Every structure is written in structure tokens, then in C-alpha cells.
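Architecture at a glance
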Amino acid sequence: MIADDLTTQGAFALYRAENAHRVAEFAKSANADAAIAADFNDYRQRYLRKFQDFSDSLASLGLTVTRSGTRAA
């Protein structure tokens, strides 16, 4: 995984959702995880800001973003 902190994971999830077509193409490569991570890294700051804005918007409504108690291995 890219990193363990919630904001980075949220940013990565947002990147994957907004760039599903790119992720699908990278997934065809021999080292898909590395290709996806490298592409995300190019856009990291943008998605960190977008996710933080999203999280702040939820907070202004009294909602919070939390990590689920179960994690995929």
C-alpha cells in the first residue's frame, strides 16, 4: 500500500476512483502495483488536497472519515 495514514489512503482511493481507466491500464502491466503507485505519486499532492477538502466538508456537517475496523490483507 502507498502509506498507512488515513489521509494518504483516502487520497489514493480518490485517485483510483477518478482514474479507473488509468488504473485498469496499469493493472495490465507485469508490475501493476508499482506502476499504479508511481502514477499516484505524480498526482499525490493534488489528491491529498482533494481528500482533505472532502474530509473538511464532511467535518463541517458533523461527519468524520474513519478507518473501518476490518482491513484487507
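Relevant structure appears above.
Model, not experiment: these values are computed from the prediction.

1. Looking at the packing of helix H1 (residues 6–18) against helix H3 (residues 32–60)
Direction vectors running N to C along H1 and H3 enclose 110 degrees, while the axes themselves pass 8 Å from each other. Classified by the angle between their axes, H1 and H3 sit roughly perpendicular to one another. Here Leu6, Thr7, Thr8, Gly10, Ala11, Phe12, Leu14, Tyr15, Arg16 and Glu18 of H1 lie close against H3, whose contacting residues are Ile36, Asp39, Phe40, Tyr43, Arg44, Tyr47, Leu48, Lys50, Phe51 and Gln52. Residues belonging to the contact of H1 with H3 are distributed by class as follows: 11 nonpolar, 4 polar and 5 charged.

2. Quick notes on the nonpolar core
Formed by Ala11, Phe12, Tyr15, Val23, Ile36, Phe40, Tyr47, Leu48 and Phe51, the largest nonpolar core amounts to 9 residues. Those elements that place two or more of their residues in this core are H1 and H3. With 5 residues, H3 is the single largest residue contributor to this core. Excluding residues within four positions of it along the chain, Val23 makes contact with Tyr15, Arg16 and Ile36.

3. Some points on the packing of aromatic side chains
Under the defined criterion, the tally for this structure stands at 5 aromatic pairs. Aromatic pair Phe12 and Phe40: ring centres 5.1 Å apart, planes at 80 degrees, arrangement edge-to-face. With a gap of 28 residues between them, Phe12 in helix H1 and Phe40 in helix H3 connect regions that are remote in the sequence.

4. Some words on H3
Taken as a whole, H3 carries its principal kink of about 65 degrees at Tyr43. Within H3 the residues assigned to the buried category are Ala32, Ile36, Asp39, Phe40, Tyr47, Leu48, Phe51, Ser55 and Leu58. For H3, the secondary structure elements touched by its buried residues are H1 and helix H2 (20–26). Positive backbone phi, at 85 degrees, marks Gly62, one or two positions downstream of H3.

5. Focus on H1
Taking 1.5 Å per residue as the helical rise, H1 with its 13 residues ought to reach 18 Å, and the 18 Å between its terminal C-alpha atoms agrees with that figure. For H1, the complete set of buried residues consists of Thr8, Gln9, Gly10, Ala11, Phe12 and Tyr15. For H1, the secondary structure elements touched by its buried residues are H2 and H3. In this structure Asp5 caps H1, since a side-chain oxygen of it lies 3.1 Å from the backbone nitrogen of Thr7.

What counts, and at which threshold
Residues numbered from 1 in each chain as written. Predicted model: local features only at pLDDT ≥ 70, side-chain atom pairs only at ≥ 80, totals over all residues. Heavy atoms only, no water. Axes fitted to C-alpha atoms, helices over the stretch in contact; angles between N-to-C directions. Helix = DSSP H or I, 4+ residues; strand = E, 2+ residues; numbered from the N terminus. Parallel < 35°, antiparallel > 145°, perpendicular 65-115°, else oblique. Contact = heavy atoms within 4.5 Å. Nonpolar A, V, L, I, M, F, W, Y, C, P; charged D, E, K, R; others polar. Core = buried A, V, L, I, M, F, W, Y, C linked by side-chain atoms within 4.5 Å. Buried < 20%, exposed > 50% of the residue type's maximum accessible area, 1.4 Å probe, protein only. Phe/Tyr/Trp six-rings, centres within 6.5 Å; stacked < 30°, edge-to-face > 60°. Bend = angle between axes of the 7 residues up to and from the residue. Expected span 1.5 Å × (residues − 1). Polar contact = N/O pair within 3.5 Å; in protein donor to acceptor, adjacent residues only side chain to side chain.

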